[in-house]
Amino acid sequence: MGSEDEVRALSAAWDQALVANDPERVASFMIDDWVYVGPDGVTPKSDIIGWIASGRLRHDRMTSAGPEHVVHAGGTIALTARKTSAGAWDGNPYTADEWITEVYVQTGNGWRCALSQKTPAPSGPGPSGRPTTT
C-alpha cells in the first residue's frame, strides 16, 4: 500500500473514531500540536478532544460525498474531500456539508494529522460554474 492509500485509509478510520465518539481514539490520529481551522478561527486539539469526552460535541454520521484529492510532497500529504456529517453540539442537532482538508505528516508512529480545515460547501455550482460535488 502506498503512502497516499495509507492516508486515505487513516482518514476513513478517523471518521469511524469520530462517529464512535471515542476521544482517545480520535486523538491518536493527530499530532500533539494539531489544530482545526474553521469559520471561527483556530481550535486546538485539547478543546476538540475535551468536547468529545464531555459529550458537548457528538458525531452521529460522517460520510464522503465525492472523491478525495491527495497531494504528496516530501513528508507531507494533503487530503481534500467533501464530507457530510451530523451530530450534536451542546445537545442541539446539526448537519454539515463541508470541504475538508487534512494535512498529514510522517512521524515515528506513522502518518498523523497536523491540521484540519473545513469550509462549508455551497449548494449549486461553485464560482467556476462546475458542480461542487467533485
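Just so it is clear, the structure is predicted and the values come from calculations on it, not from any experiment.

What counts as what
Numbers given for residues are sequential positions, taken from 1 along each chain in its written order. Per-residue local features of the predicted model are confined to residues with pLDDT of at least 70, and side-chain atom pairs are confined, for both listing and counting, to 80 or more; whole-chain, interface and lining totals are unaffected and use all residues. Side-chain metrics rest on all non-hydrogen atoms present in the structure, leaving aside hydrogens and water. Only DSSP runs of H or I covering at least 4 residues are called helices, and only runs of E covering at least 2 are called strands; the numbering of each starts at the N terminus. Every radius of gyration here is taken over C-alpha atoms, with the globule rule written as 2.2 Å times N^0.38, N being the number of residues. In this scheme, a residue with accessible area under 20% of its type's maximum is buried, one over 50% is exposed, and one in between is partly exposed, where area comes from a 1.4 Å probe on protein chains only. Any pair of residues with heavy atoms lying within 4.5 Å of one another is described as a contacting pair. The accessible surface values rely on the Shrake-Rupley method and a 1.4 Å probe; as for residues, cover is taken only from the protein chains in view. The salt bridge criterion pairs a side-chain nitrogen of Lys or Arg with a carboxyl oxygen of Asp or Glu, the two atoms within 4 Å. Joining through side-chain atoms within 4.5 Å is the link that ties buried Ala, Val, Leu, Ile, Met, Phe, Trp, Tyr and Cys residues into a set, and such a set is a nonpolar core. Stacked, tilted and edge-to-face pairs are distinguished by plane angle, under 30 degrees for stacked and over 60 for edge-to-face with tilted covering the rest, among Phe, Tyr and Trp rings (Trp via its six-membered ring) whose centres lie within 6.5 Å.

> Tell me about the overall build of the protein chain, and please be specific about residues and values.
Secondary structure assignment for the protein chain yields three helices and seven strands. In terms of overall size, the protein chain behaves like a compact globule, its C-alpha atoms giving a radius of gyration of 15 Å where 134 residues would be expected to give roughly 14 Å. With respect to the three principal axes, the spread of C-alpha positions in the protein chain is 40 × 40 × 25 Å. A buried classification covers 34% of the 134 residues belonging to the protein chain. Partitioning the contacts of the protein chain with sequence separation of at least 6, the portion at a separation of at least 24 is 49%. Total accessible area computed for the protein chain in this model is approximately 7100 Å², and 54% of it derives from carbon and sulfur atoms.

> Which residues make up the pattern of salt bridges, and what values do they have?
What the rule picks out here adds up to eight salt bridges. In this structure, D15 engages K83 in a salt bridge whose closest nitrogen and oxygen atoms are separated by 2.8 Å. With D15 in helix α1 (residues 3-20) and K83 in strand β5 (residues 76-89), this residue pair connects regions lying 68 residues apart in the sequence. Residues D15 and K83 agree in their burial class; the two are buried. The shortest N-O distance in the salt bridge between R82 and D97 comes to 2.5 Å. Remark: D97 occurs in strand β6 (residues 92-107) and R82 occurs in strand β5; sequence separation between them is 15 residues. Because the salt bridges share partners, they merge into one network encompassing D5, R8 and E68.

> Go over the nonpolar core with me, naming the residues and quoting the values.
Within the largest apolar cluster, 23 residues are counted, with the highest numbers of intra-cluster contacts made by W14, V26, W34 and Y104. Considering each element in turn, this core owes the most residues, five residues, to α1. With residues up to four places along the chain from it excluded, the contact list for W14 reads V26, F29, M30, W34, E102, Y104, C113 and S116.

> Give me the packing of aromatic side chains: which residues, what numbers.
The relation between two aromatic rings is expressed through the spacing of the ring centres and the mutual angle of the planes. Going through the model one piece at a time under the given rule, you end up with three aromatic pairs. Their ring planes at 10° and their centres at 6.1 Å tell us that W14 and F29 sit as a pair that is stacked. Placement of W14 in helix α1 and of F29 in the loop between α2 (23-27) and β1 (30-38) is noted, with a sequence separation of 15 residues between them. You'll find W14 and F29 in the same group, each marked buried. Measuring from centroid to centroid gives 6.2 Å for W14 and W34, while their planes differ by 70°, and the two rings are edge-to-face. Here W14 is found in helix α1, whereas its partner W34 is found in strand β1, with 20 residues between them in sequence.

What is shown is where atoms sit, not what they do.
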